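Residue-level listing of the chains:
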Amino acid sequence: MSLTVPNELLDQAKAGEVDDATFVACVRDSLPYAWTLISDLVGERERTGAEFTDNTVPPPDEAARGQLLRCLASDSMRGALERHFGVKLAFQNCHRVAVFDPAAVKAHAEFITARSQILNQSPELVDC
């Protein structure tokens, strides 16, 4: 299961729309490793003023890796986090999360190319 959804939130979703703040709180509470990693990267990018910042450290265990995969493979979760933090997210392999300034169109476009993905490969990441 991707998220741990409280009964109240499930009832709200059945009755109509769920606002971003409520959904983001559910993501934060359900996927704490993914949330912490992304929010730390957002803070680092803001502090440095860089076009983007990224994580190159593999998750500590399979549970953490699963959180990243579930969070970033979901269009709704990724979109809600991008709106919440005011950034553009990108993802390579099983752990390389990147946080982009929305104005960094060229840097983001380069990060998501096939060339960039291929250059990011290494034998230890084959089975991640």
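Our subject is the structure that appears above.
As the structure is a computational prediction, the values presented were derived from the model and not from experiment.

Before going further, it helps to spend a moment on the sheet that holds strand 3 (residues 96–100). If you walk across this open sheet you meet the three strands as 1-3-2, and the pairing is antiparallel. Each edge of the sheet is formed by a strand with only one pairing partner; in this case those strands are strand 1 (52–54) and strand 2 (88–92). With strand direction ignored, the average angle separating the axes of adjacent strands in the sheet is 20°. As judged from the three bridges shared by strand 1 and strand 3, these two strands associate in the antiparallel manner. What sits directly across from Phe52, in strand 3, is Phe100.

This part covers the packing of aromatic side chains. Working definition: an aromatic ring pair is given by the centre-to-centre distance plus the angle between the planes. Applying the stated rule across the entire model yields four aromatic pairs. For the pair Trp35 and Phe85, a centre-to-centre distance of 5.2 Å together with 40° between the ring planes defines the contact as tilted. Within this pair, whereas Trp35 is found in helix 3 (residues 32–48), its partner Phe85 is found in helix 5 (residues 75–85), the two being separated by 50 residues in sequence. Look at Phe100 and Phe111: their rings are 5.5 Å apart centre to centre, the planes differ by 70°, and that puts the pair in the edge-to-face class. Pair noted here: Phe100 is in strand 3 and Phe111 is in helix 6 (residues 105–111), with a separation of eleven residues, a long-range link.

Rules of the game
Residues numbered from 1 in each chain as written. Predicted model: local features only at pLDDT ≥ 70, side-chain atom pairs only at ≥ 80, totals over all residues. Heavy atoms only, no water. Pairing = 2+ DSSP bridges. Helix = DSSP H or I, 4+ residues; strand = E, 2+ residues; numbered from the N terminus. Axes fitted to C-alpha atoms, helices over the stretch in contact; angles between N-to-C directions. Phe/Tyr/Trp six-rings, centres within 6.5 Å; stacked < 30°, edge-to-face > 60°.

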